[in-house]
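Architecture and fold: a report
Here are the chains, one letter per residue:
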Amino acid sequence: MTTPPTTERYERGIAVLDSISAESGRAMVDQMRKIAPALANWAVEWGYGEVVSRPQLDLRTRQLATVAALTALGNAAPQLRAHIHGALNVGCTPTEIIEVIQQMAVFAGFPAAINGVAAAREVFEARNLQFDPHASE
């Protein structure tokens, strides 16, 4: 397996990734590096080290935007679940996450929102989160 770069961008990116995903983000990068080391480096250096680390939005806002985008895509369930975990890790509430996913019904269609809700349910159950579904009515 190739080793990660030691650039300032990579270090900044891995620090941001850690703050969002704890050890699961590094594990994902390590798995990706085994088969596509360049892609793993790009994800950390550019995705997190250049984009997600920008100060113009806080991590809560960025994670809610990411949950919205992945919900709208409709074909990225593993990444959506990872970013729902990340949203919770940076302080988003289950109600906020469900609200963002529900809004995607308007912009991405009901199937995408329904799949997003299913991903959120899986994450909430895995974390033993008590969630009041009426809070987002």
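Definitions and cut-offs
- Residues numbered from 1 in each chain as written.
- Predicted model: local features only at pLDDT ≥ 70, side-chain atom pairs only at ≥ 80, totals over all residues.
- Heavy atoms only, no water.
- Helix = DSSP H or I, 4+ residues; strand = E, 2+ residues; numbered from the N terminus.
- Rg over C-alpha atoms; globule rule 2.2 N^0.38 Å.
- Buried < 20%, exposed > 50% of the residue type's maximum accessible area, 1.4 Å probe, protein only.
- Contact = heavy atoms within 4.5 Å.
- Lys, Arg positive; Asp, Glu negative; His and termini not counted.
- Charge placed at Lys NZ, Arg CZ, Asp CG, Glu CD.
- pLDDT = per-residue confidence, 0-100.
- Phe/Tyr/Trp six-rings, centres within 6.5 Å; stacked < 30°, edge-to-face > 60°.
- Polar contact = N/O pair within 3.5 Å; in protein donor to acceptor, adjacent residues only side chain to side chain.
- Salt bridge = Lys/Arg side-chain N within 4 Å of Asp/Glu carboxyl O.
- Core = buried A, V, L, I, M, F, W, Y, C linked by side-chain atoms within 4.5 Å.

**Notes on the overall build of the chain**
Within the chain one finds 7 helices and 0 strands. In the chain, the succession of α and β elements from N to C terminus is α-α-α-α-α-α-α. In terms of overall dimensions, the chain is globule-like: its C-alpha atoms have a radius of gyration of 15 Å, near the 14 Å expected for 137 residues. Each of the 137 residues in the chain was classed as buried or not, and the buried ones make up 37%. At a minimum sequence separation of 6, the contacts of the chain that also span at least 24 residues come to 68%. For the chain, the distance from the average position of its 11 positive side-chain charges to the average position of its 14 negative side-chain charges is 6 Å.

**A look at the confidence of the model for the chain**
With 98% of its residues at a pLDDT of 70 or more, the chain shows a mean pLDDT of 93. Confidence, expressed as mean pLDDT per element, reaches its minimum in the chain at helix α2 (residues 23–35) with 91 and its maximum at helix α4 (residues 59–73) with 98.

**Quick look at the packing of aromatic side chains**
Under the criterion given, the structure shown has 1 aromatic pair. Centre to centre, the rings of F124 and F131 are 5.4 Å apart; their planes meet at 45°, and the pair counts as tilted. Accessibility expressed as a relative area gives 6% for F124, which makes it buried.

**As for the side chain of N41**
Here N41 is to be found in helix α3 (residues 37–52). Reaching out from N41, the side chain makes a polar contact with the side chain of R33 at a distance of 2.6 Å. Filtering out sequence-adjacent residues up to four positions away, N41 remains in contact with P4, P5, Y10, R33 and W46.

**Side note on the pattern of salt bridges**
The final tally for this structure, using the stated rule, is 9 salt bridges. Between D18 and R26 there is a salt bridge; the shortest N-O distance is 2.7 Å. Across the pair E125 and R121 runs a salt bridge whose closest N-O atoms are separated by 3.8 Å. A residue pair is termed a helical-turn pair when its members lie 3 or 4 positions apart in one helix, as E125 and R121 do in helix α7 (residues 110–126) at 4 residues. Taken together, the shared-partner salt bridges connect E8, R9, R12, E45 and E50 into one network.

**Some details on unusual backbone geometry**
Phi is positive for A22, close to 55°, though the residue is something other than glycine. Within the secondary structure layout, A22 lies in the loop between α1 (8–21) and α2. With relative accessibility at 33%, the residue A22 sits in the partly exposed group. The backbone of N128 shows a phi angle near 55°, a positive value even though the residue is not glycine.

**Comments concerning the nonpolar core**
Counting residues in each nonpolar core, the largest one holds 31 residues, and the members touching the most others are V67, I84, I97 and F124. With residues near it in sequence (within four places) discarded, I97 still touches L64, V67, I84, A87, L88, C92 and F124.

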